[in-house]
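# Remarks on the overall topology
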Amino acid sequence: MSSPAETTDDPAKAAPASRSSYDGLRLSALSKSYGSFHAVQSLDLDVPKGSFFALLGPSGCGKTTTLRMVAGLETPTSGTITLAGQDITATKPYRRPVNTVFQNYALFPHLDIYENVAFGLRRRKVGGVDAKVKEMLELVELEAQARKKPAQLSGGQQQRVALARALINEPEVLLLDEPLGALDLKLRRSMQIEIKRIQVEVGLTFIHVTHDQEEAMTMADTVAVMNAGVIEQMGSPGELYENPRSTFVANFLGQSNLIEGTVTSTAGDVVTVDMHGIQVSVPAARAHTDGGKGWIGIRPEKVLIGAAGTELDAPGNTVPGGVVTDVSFIGVSTQYLVKMPWGQELQVFAQNTGRDRIFRVGDPVELSWRPEYAFLLDHSQDVNAGAEEAV
Amino acid sequence: MADTDRRKGLTAYLLMAPAVLVLALFFVIPFYSLVAASLYEPGGSDKEGWEMTYHVGNYVDAVQDYWEPLWHAIAYSAAATLICLVLGYVLAYAIAFKSGRWKSLLLVLVIAPFFTSFLVRTLSWQLILADDGWIVDTFQFLHLLGDDGRLLGTHFAVVMGLAYNFLPFMVLPLFASIDKIDHRLIEASGDLYSNPVVGFFKVTWPLSLPGVVSGTLLTFIPAAGDYINAELLGSTETNVIGNVIQLQATDAGHPNTAAALSMILMVGILVMVLVYIRKAGTEELL
Amino acid sequence: MVAFGGLSAAALKLPMFGIDAIQACADGGIAKDVSSSERDLIISNWTGYIDPRKNKNGTLAQFEDETGISVTYNVDVNDNAEFYAKVRNQMRACEPIDRDMIILTDWMAARMIGLDWIQPLDKKKVPNLHANLIESLQGKAWDPDLVYHAPWQSGLTGIAYNADLVDEVGSFEELISRDDLKGKITLLSEMNDTMGFFLKVVGADPGDFSDTEWENALDRLKQVKDDGHLRQFAGNNYLQQLSQGVLVACEAWSGDVIQAQYDNPNLKFVAPEEGLALWSDNMMVPNYATHQTNAEAWIDYYYRPEVAAKLAAWVNYICPVQGAQEAMLEIDPSLAENTLIFPDSDMLSNTWDFMSLDDEQQQKYEGEWADVISS
Ligand SMILES: Nc1ncnc2c1ncn2[C@@H]1O[C@H](COP(=O)(O)OP(=O)(O)OP(=O)(O)O)[C@@H](O)[C@H]1O
Ligand SMILES: [Mg+2]
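None of the values given here were measured: they were computed from a predicted structure. Starting afresh in each chain, residues are numbered from 1 along the sequence in its written order. Here chains are named by letter from A upward and ligands by number from 1 upward, in the order in which they appear as written. Only residues with pLDDT of 70 or above have their local features reported here, since the model is predicted, and side-chain atom pairs are shown and tallied only from 80 upward, although totals for entire chains, interfaces and linings are computed over all residues. Excluded from the side-chain calculations are hydrogens and water; all other atoms, namely the structure's heavy atoms, are used.

Residue and element names in this part refer to chain A. When we say a residue is near a molecule or strand, we mean one of its heavy atoms is within 4 Å of it. Near ligand 1 there are 13 residues, and of these Ser59, Gly60, Lys63, Thr64 and Thr65 occur at the shortest range. Contact distances for ligand 1 include 2.7 Å between an oxygen atom and a side-chain N or O atom of Lys63. Contact with the protein chains hides 62% of the accessible area of ligand 1, taken as 630 Å² for the molecule alone. Element by element, the count of residues in the shell around ligand 1 is highest for helix H3 (residues 63-71), at three residues. Here the residues of the shell around ligand 1 sort into four nonpolar, seven polar and two charged. Here a polar contact is taken to be a pair of N or O atoms separated by no more than 3.5 Å, where protein atoms must pair a possible hydrogen donor with a possible acceptor and residues adjacent in sequence count only if both atoms sit in side chains. Each accessible area is a Shrake-Rupley result for a 1.4 Å probe, and residues are judged covered by the shown protein chains and nothing else. The numbering of helices and of strands both runs from the N terminus, where a helix is a DSSP run of H or I of at least 4 residues and a strand a run of E of at least 2. Each residue gets one label: Ala, Val, Leu, Ile, Met, Phe, Trp, Tyr, Cys and Pro are nonpolar, Asp, Glu, Lys and Arg are charged, and the others, such as Gly, are polar.

And the structure:
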């Protein structure tokens, strides 16, 4: 095992100038192994200063491990961590300008709320503790609870104390490890808004770990999708959703229809794919395969459904010969399962605009979608990756 | 409504009755007779009987004559408790946090000495601390002891014997307390700018206080009443109050003095314990 | 503690009570003797004070064979004062203590006899006792005619030292003053033993001393103790420490030393220049014993010279029975010559017997003694 100190001291691997001038948090080739098990594998990640960054991935994929390495609670097996241009890979946790909101809050049970929040300030011998604590308690709306012990608070209140306790130190980076995991859905939604509000207000860098894709999408500026110790894809929530690069991301973030096809030609910025005898096109920027076979992806809400033979108003890829096998009416929309001639069932979400009639099971239908919404993924990837882990 | 309340009250009293009876039998009656005996007119004898004259002077005489063994008992016990606390804390901490899969084995080892008799254990210390034993040799080599210096028969030996014999009483409650501490709290303190030392005193130590309080009490109280260690490891200069009470109650035939000394010891320890618990502020911690 | 148990029983006389003087039992402490119908005998003795009981040819088994009496032999006497505290409440309340025979040291025997807690023996049933008790044990002031007691074994109190570690300690004066012994000796915690020597040291006669002489002796003890010359006052376990070298010399009982010598020949017993204390542990029948005749059979049996010799060969204390020395020649001639089992007249002339004390004196001296050793 190579110690991180060694790695950074090695001149050959010394960080280039551009790197050290990066003012955000940068993880380079960061790995953590427990024996032969690789919890985190050669992770590269840039978190811009002041951003709300979400680390999203299924349980056990290495999110907590990554955060703990950033906080200094775990020593990386290899790789470096730099923060505002400074290598902090070997820095002791109590010397890092990083604070954590722990997965279970880890509030000090023997101290009251006030002292919990003041803890970091007192350790650093910062002045004006009282004013700062009051201000922070106000921010999280807990002024009235200042003299209570953690055990006397509700789950949501405890969560806010944990947030306040970390925030008050104005760290370069605030790490939040599934801070909302223990809360019920309703409280979780309101806390999401709260945390986002606070982040905007204080303008600090937040790294928010979650396995709830909706949470990541609503809160973060940038989302990194992590799977089995590696980052699958990183980008804005819209980008990730609209243009996933792997079957895992396509399935884990929302739902996708993935249909097998063979690339027949690439002309300009359009790739043509043979999909069970039907030629469909995909923009080259959304094709993530090197040719040969691939998975054509299309989100269920992007698929239009019409009675067989009718002219659909979506000029593009049209697929005839479907039969409705399942209909679920859920108010705002209707969800269909449509069996295609090659045997696969595709999902279709149709808005209940009132213009189209609702089909019944057994109705012959045809599907179509605009080519610019389709994407093409590498055939070697597991078509079901990420489907089960998604919440 | 009032009726069911009264019924509930009655049931509660009935349920308490056996405990109250046992307490009366094993505590109140002996205590009462102890108080009585401590007020007998001195100068009685078994043959002539003992006259009850509410002779409070027994207490004054007892303290005057035996303040030194009284002081010894408290001082030895306090010193031994302190040693046990330091050693026991390190031990309990190591077992709770650092021993991994050896945890249960180490715990068994801590209580293993209890499988032999108290007397045998203490006697073996006579040999360890003997004048030609290796400890004395080592101390002499290091010039911590003069050439004719010795350990056996000194205050030091008595304190060490007590510390050794009562260590498990300290370790077990400490372990129970420390083992319960969520390790993540210690990580959280590190995350919040406490170096390991500060983190220990701000988080680990306060969270282990219930164990510290019960451990020190479980060590101090029996150690203050113990006289085997003083007898076997000490000398005529290290008499403790337990020796005196025993001697006064049997050989000397002074039940009044023995009872007065017992009362003084009991009340003294009680007061110290109450003050201590008050100071440690553990009513809410416990 | 033993004493508290006793106190609690008395507490039933509420409210704040005293304890009345001891009254002689109205019925004289006599229970119906059922010896002839119940062939039982219950004895309380000290540990290691009889030859192996399981041995078919041992003295106890032979007694049972011969008389048909079945003996319950308890080793529950560890300390005179402690045993006294154990039976005190029943004795003073005129209740049986469920024992037919108890074996206690002279001073405690004297005290119990003085309290009327002991039953007289039928002289006709113990002819061997009257015929065979050695002369030096006859005529005790507290029971000159052997009405109440029969010595079981006797012993000498002298000095023991570890010849491996120090030169011979020839006198008690040396024991309490020699520099190379400082802090490495023990004295016995029995008042009569130790104070006998201190009385000698201050020139008094332990068999007959005045209060002033007693005080002088006590002062000398205090001085020795305050000098840090003593490790401890010991009652048991002192020879083990002597053997291990934790102690180098001590005041000691002869029989203990002989037994310890089997394991460590370096341990020596010395008759100090000041002389030796001669004492006995005595068989007595307590009030309300129901098998007195059986107890008397036991006494008479053990006063047969050949039985006494067999016992002495094992126990190694001084045999109180005349003629046992001759009988010993057949068992082990070397023991017959051991003066610590069969003392010669030279040795006996150098022994003393502690002054017989009445209850008040006993209490006063014991109290003052306890004050010195425990403060
Ligand atoms: N101390 C350890 N020893 C061995 N394996 C570990 C250790 N800590 C974590 N792991 C393993 O590393 C992997 C990643 O763990 P990590 O806690 O980072 O997951 P996570 O993404 O935070 O999951 P969750 O969403 O459930 O919190 C898991 O498979 C876990 O079993
Ligand atoms: Mg986690």
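Let us look at the interface of chain A and chain B. Should any heavy atoms of two residues lie within 4.5 Å, those residues are counted as being in contact. Residue-level contacts link 25 residues of chain A with 19 residues of chain B. Buried area is a sum: the accessible area each of two parts loses on coming together, probed at 1.4 Å, counted once for each and added. Summed over both sides, the interface between chain A and chain B buries roughly 1900 Å², with carbon and sulfur atoms accounting for 63% of that surface. Of all residues in chain A, A:Tyr94, A:His110 and A:Arg123 bury the most surface against chain B, accounting for 33% of the area lost on that side. For this document, the term salt bridge refers to a Lys or Arg side-chain nitrogen within 4 Å of an Asp or Glu carboxyl oxygen. Across the contact surface, chain A and chain B share one salt bridge. Between B:Glu187 and A:Arg68 there is a salt bridge, and its shortest N-O distance comes to 2.5 Å.

Residue and element names in this part refer to chain C. Pairs of cysteine sulfur atoms within 2.5 Å are what we label disulfides. Taken as a whole and assessed by the stated rule, the structure comprises one disulfide over all chains. Paired through a disulfide, Cys25 and Cys94 show a sulfur-sulfur distance of 2.0 Å. Between Cys25 and Cys94, the S-S torsion sits near -100°, and that sign places the bridge as left-handed. Of this pair, Cys25 sits in the loop between helix H1 (2-10) and strand E1 (40-46) while Cys94 sits in the loop between helix H3 (80-92) and strand E3 (101-105), and the two are 69 residues apart along the sequence. Per-residue accessibility, obtained with a 1.4 Å probe over protein chains only, is compared with the maximum for each type, and a residue is labelled buried under 20%, exposed over 50%, and partly exposed between these values. On the basis of relative accessible area, Cys25 is assigned to the buried category, the value being 11%.

Right, let's get into empty space enclosed by the protein. The rule is simple: put a 1 Å grid over the protein atoms alone, call a set of points where a 1.4 Å probe fits but cannot get out a cavity, call an open set with protein on both sides within 12 Å along at least five of seven lines a pocket, and count a residue as lining if it has an atom within 4 Å of a point. Grid points are joined across faces, edges and corners, and a volume is the space filled by probe spheres set on the points. Under the definition given, this model contains six cavities of 30 Å³ or more. One number sums up the size of the largest cavity: a volume of about 70 Å³. Lining the largest cavity are B:Asp46, B:Ala249, B:Thr250, B:Gly253, B:Pro255, C:Ala81, C:Tyr84, C:Ala85, C:Arg88, C:Arg111 and C:Gln363. It is H3(C) that contributes the most residues to the lining of the largest cavity, four residues altogether. A class-by-class count of the residues in the lining of the largest cavity yields five nonpolar, three polar and three charged. In this structure, the second largest cavity occupies an estimated 50 Å³ of space. As for the second largest cavity, its lining consists of C:Pro151, C:Trp152, C:Gln153, C:Met283, C:Tyr302, C:Tyr303, C:Ala308, C:Leu311, C:Cys319, C:Pro320 and C:Val321.

All names here are of chain A. Following DSSP output, two strands are said to pair if at least two bridges run between them. The five strands lie next to each other as E16-E20-E17-E18-E19, forming an open sheet whose pairing is antiparallel. The outermost strands of the open sheet, each flanked by one partner alone, are strand E16 (304-307) and strand E19 (345-351). Ignoring strand direction, the axes of neighbouring strands in this sheet form an average angle of 45°. Relative to strand E18 (residues 333-339), strand E17 (residues 317-329) runs antiparallel, the two being bridged by six bridges. By the bridge assignment, Ser328 is partnered in E18 with Gln335. Axis definition: a line fit to C-alpha positions, over the contact stretch in the case of helices; interaxial angles, taken between N-to-C directions, run 0 to 180 degrees.

For the rest of this paragraph, the subject is the packing of aromatic side chains. Ring pairs shown here join Phe, Tyr and Trp side chains whose ring centres sit within 6.5 Å, with only the six-membered ring taken for Trp; geometry is labelled stacked below 30 degrees between planes, edge-to-face above 60, and tilted in between. Evaluation of the coordinates by the stated rule reveals 36 aromatic pairs over all chains. Both rings, one in A:Phe108 and one in A:Phe119, keep their centres 4.5 Å apart while their planes meet at 40°; by these two values the pair is tilted. Highlighted residues: A:Phe108 in the loop between strand E6 (98-101) and helix H4 (113-124) and A:Phe119 in helix H4, separated in sequence by eleven residues. The exposure classification of A:Phe108 matches that of A:Phe119, with both residues buried. Aromatic side chains C:Phe63 and C:Tyr301 sit 5.2 Å apart centroid to centroid with 55° between the ring planes, which places their arrangement in the tilted category. Residue C:Phe63 is found in helix H2 (residues 59-67), and its partner C:Tyr301 is found in helix H11 (residues 292-302); the two are separated by 238 residues along the sequence. An aromatic cluster is built from B:Tyr89, B:Tyr93, B:Phe97, B:Phe200, B:Phe201 and B:Trp205, whose rings are joined through pairwise contacts. In this structure, A:Arg147 is placed above the aromatic ring of A:Tyr114, and the distance from its NZ or CZ to the ring centre is 4.4 Å. Our definition puts a charge over a ring when NZ of Lys or CZ of Arg is within 6 Å of the ring centre and also within 35 degrees of the ring normal.

Quick look at helix H6 (residues 155-167) of chain A now. All names here are of chain A. Helix length check: H6, at 13 residues, gives a terminal C-alpha distance of 18 Å against a target of 18 Å (1.5 Å per residue), a fit within 8%. In terms of residue burial, H6 counts as a mostly covered element, since eleven of its 13 residues are buried. Along H6, the residues that are buried comprise Gly156, Gln157, Gln159, Arg160, Val161, Ala162, Leu163, Ala164, Arg165, Ala166 and Leu167. To estimate the expected span of a helix, subtract one from its residue number and multiply by 1.5 Å.

All names here are of chain C. Interhelical geometry of H3 versus helix H4 (residues 106-114) gives an angle of 25° and a closest axis separation of 10 Å. As judged from the angle between their axes, H3 and H4 are roughly parallel. As for how H3 packs across H4, the hand of that crossing is right-handed. The residues of H4 that touch H3, namely those facing Asn80, Ala81, Tyr84 and Val87, are Trp107, Met108, Arg111 and Met112. Roughly parallel refers to an angle under 35 degrees, roughly antiparallel to one over 145, roughly perpendicular to one between 65 and 115, and oblique to any angle outside these ranges. In this scheme the crossing of two helices becomes right-handed for a clockwise turn of the near helix relative to the far one and left-handed for an anticlockwise turn of less than a right angle.

In the structure shown here, the tally under the stated rule is 31 salt bridges over all chains. The shortest N-O distance in the salt bridge between A:Asp221 and A:Lys196 comes to 3.3 Å. Of the two residues, A:Asp221 is situated in the loop between helix H8 (213-219) and strand E9 (222-227) and A:Lys196 in helix H7 (residues 185-202); the sequence distance between them amounts to 25 residues. For A:Asp221, a relative accessible area of 37% gives the class partly exposed. By sharing partners, the salt bridges in this structure join A:Arg68, A:Glu74 and B:Glu187 into a single network.

Turning our eyes to something else, we now look at the interface of chain C and chain B. Taken together, the 45 residues of chain C in the interface contact 50 residues of chain B. Regarding the contact of chain C and chain B, the summed buried area is about 4100 Å², with carbon and sulfur atoms giving 57% of it. Inspection of the region where chain C meets chain B yields one salt bridge. Across the pair B:Asp46 and C:Arg88 runs a salt bridge, and its minimum N-O distance is 3.4 Å. Counting the contacts that link chain C with chain B gives 17 residue pairs in polar contact (both at pLDDT 80 or more). Listing elements by their share of the side of chain C that touches chain B, those giving two or more residues are H1, H3, helix H8 (211-226), strand E7 (230-234), helix H9 (238-244) and helix H16 (359-374) of chain C. A total of eight residues in the side of chain C that touches chain B trace back to one element, the largest contributor, which is H16(C).

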